[in-house]
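A closer look at the structure
The chain contents come next:
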Amino acid sequence: MFDPLPDGGVVRKLWPHEADDYAAHLLRLDKDSRRRRFSGAVSDELIRRHAAKARGLGVVVFGFFVNGVMRGSAELRRDLSPLSRNGEAAFAIERDWQSHGVGSALLQRALLTARNRGIKLLKMYCLADNERMQQLARKFDAELKFDFGSVVGEVDPPRSTWLSLTREALADQHGLMATLLEKQRNLFRQG
Ligand SMILES: CC(C)(COP(=O)(O)OP(=O)(O)OC[C@H]1O[C@@H](n2cnc3c(N)ncnc32)[C@H](O)[C@@H]1OP(=O)(O)O)[C@@H](O)C(=O)NCCC(=O)NCCS
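Remember, predicted model here, so these are calculated numbers, not experimental data.

Okay, the overall build of the protein chain next. For the protein chain, the helix and strand inventory stands at six helices and six strands. When the helices and strands of the protein chain are listed from N to C terminus, the series reads β-α-α-α-β-β-β-α-β-α-β-α. A buried classification covers 45% of the 191 residues belonging to the protein chain. Considering only residue pairs separated by 6 or more positions, the protein chain has 66% of its internal contacts joining residues 24 or more positions apart. Of the accessible surface of the protein chain, which amounts to about 10,700 Å², a share of 54% is contributed by carbon and sulfur atoms.

Here we take up the site of the ligand. Near the ligand you find 21 residues, and of these Ile-93, Gly-101, Gly-103, Ser-104 and Asn-130 are the closest. A distance of 2.7 Å separates an oxygen atom of the ligand from a polar backbone atom of Gly-103. In the model, an oxygen atom of the ligand is placed 2.5 Å from a nitrogen or oxygen of the Ser-104 side chain. Within the residue set of the shell around the ligand, elements represented by two or more residues are α2 (31-37), β4 (86-93), α4 (102-116) and α5 (131-139). Element by element, the count of residues in the shell around the ligand is highest for α5, at five residues. A class-by-class count of the residues in the shell around the ligand yields eight nonpolar, nine polar and four charged.

Okay, the side chain of Ser-164 next. Checked against the element boundaries, Ser-164 lands in helix α6 (residues 162-190). On the accessibility criterion, Ser-164 (2% relative accessible area) is buried. Only 2.6 Å separates the side chain of Ser-164 from the side chain of Asn-116, close enough to count as a polar contact. One polar contact links the side chain of Ser-164 to the main-chain amide nitrogen of Thr-161, over a distance of 2.8 Å. Among residues more than four places away in sequence, those in contact with Ser-164 are Leu-112, Arg-115 and Asn-116.

Before going further, it helps to examine the nonpolar core. Counting residues in hydrophobic clusters, the biggest one holds 23 residues, and the most contacted among them are Leu-76, Phe-91, Leu-106, Leu-107, Leu-122 and Met-124. The greatest single-element share of this core, amounting to six residues, is contributed by α4. Counting 15 residues, the second largest nonpolar core, distinct from the first, contains Ala-23, Phe-38, Val-42 and Ala-51.

A word on the packing of aromatic side chains. In the structure shown here, the tally under the stated rule is one aromatic pair. Ring geometry for Phe-64 against Trp-97: centres 5.8 Å apart, planes inclined by 65°, an arrangement best described as edge-to-face. Pair noted here: Phe-64 is in strand β2 (residues 59-66) and Trp-97 is in the loop between β4 and α4, with a separation of 33 residues, a long-range link. By relative accessible area, Trp-97 is classed as partly exposed at 22%. For Arg-12, the ring lying beneath its charged end belongs to Phe-65, and the centroid distance is 4.1 Å.

This brings us to unusual backbone geometry. Within the chain, Ser-39 stands out as a residue other than glycine whose phi angle is a positive 50°. Looking at the element boundaries, Ser-39 is found in the loop between α2 and α3 (44-53). One non-glycine residue, Ser-99, lies in the positive phi region at around 60°. Relative to the assigned elements, Ser-99 resides in the loop between β4 and α4.

The next thing to look at is α6. Between its first and last C-alpha, α6 extends 42 Å over 29 residues, near the 42 Å set by a 1.5 Å rise per residue. Among all positions of α6, only Ser-164, Glu-168, Ala-171, Gly-175, Ala-178, Thr-179 and Glu-182 are buried. Those residues of α6 that are buried are in contact with β1 (9-13) and α4.

Analysis parameters
- Residues numbered from 1 in each chain as written.
- Predicted model: local features only at pLDDT ≥ 70, side-chain atom pairs only at ≥ 80, totals over all residues.
- Heavy atoms only, no water.
- Helix = DSSP H or I, 4+ residues; strand = E, 2+ residues; numbered from the N terminus.
- Buried < 20%, exposed > 50% of the residue type's maximum accessible area, 1.4 Å probe, protein only.
- Contact = heavy atoms within 4.5 Å.
- Areas by Shrake-Rupley, 256 points an atom, 1.4 Å probe, with all protein chains shown as cover.
- Near = heavy atom within 4 Å.
- Polar contact = N/O pair within 3.5 Å; in protein donor to acceptor, adjacent residues only side chain to side chain.
- Nonpolar A, V, L, I, M, F, W, Y, C, P; charged D, E, K, R; others polar.
- Core = buried A, V, L, I, M, F, W, Y, C linked by side-chain atoms within 4.5 Å.
- Phe/Tyr/Trp six-rings, centres within 6.5 Å; stacked < 30°, edge-to-face > 60°.
- Lys NZ or Arg CZ within 6 Å of the ring centre and 35° of its normal.
- Expected span 1.5 Å × (residues − 1).

Below, the structure is given as structure tokens:
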């Protein structure tokens, strides 16, 4: 259903109480990845504030978790203006997990959710020299039309179907099961 992930890795939506995990992950990014994720230099404080605000209406954050630790993220934001069908997505994978297909898996999940939320234009701001992100975007050529500079993708088709809603619901269920299993494993480890 989705691209395979590195062994032991799980992609799931973040729960509202996991803002600290999101901040910790973004703070672990190396300097270059941090600059690419935020299209410029940003302070630790700004990252903490950004992570704390990344919840609520119109925002969905996906995490890539390994042994309960968040190692990658995709943040999807829908423009809340009444007539707008625009959205924005941003991706970050910690250095050791880059080039293992995690970005591809996260983009796939973000696209499905964008489609189910009625987003038609999805913007991914990306520095001009970000070849990896551009390569990643190209993989989704059939679904997205890209205009590099700032990357704008047209979600195609821009509407949900019974199948796309079911796929998202199944992925969410899988994410919930993975969280519960991880919690159980932690309890065993502590015991
Ligand atoms: C850009 C980023 C999200 C891509 O995620 P990723 O997990 O590294 O990407 P994937 O492993 O899924 O690979 C995506 C494609 O890029 C290609 N790729 C991998 N490493 C590459 C490199 N060093 N240069 C160019 N292309 C590369 C892969 O070949 C793959 O294409 P393929 O499957 O057709 O072979 C990730 O590297 C990252 O977080 N970088 C720092 C932050 C950033 O740039 N964010 C984007 C701005 S929002």
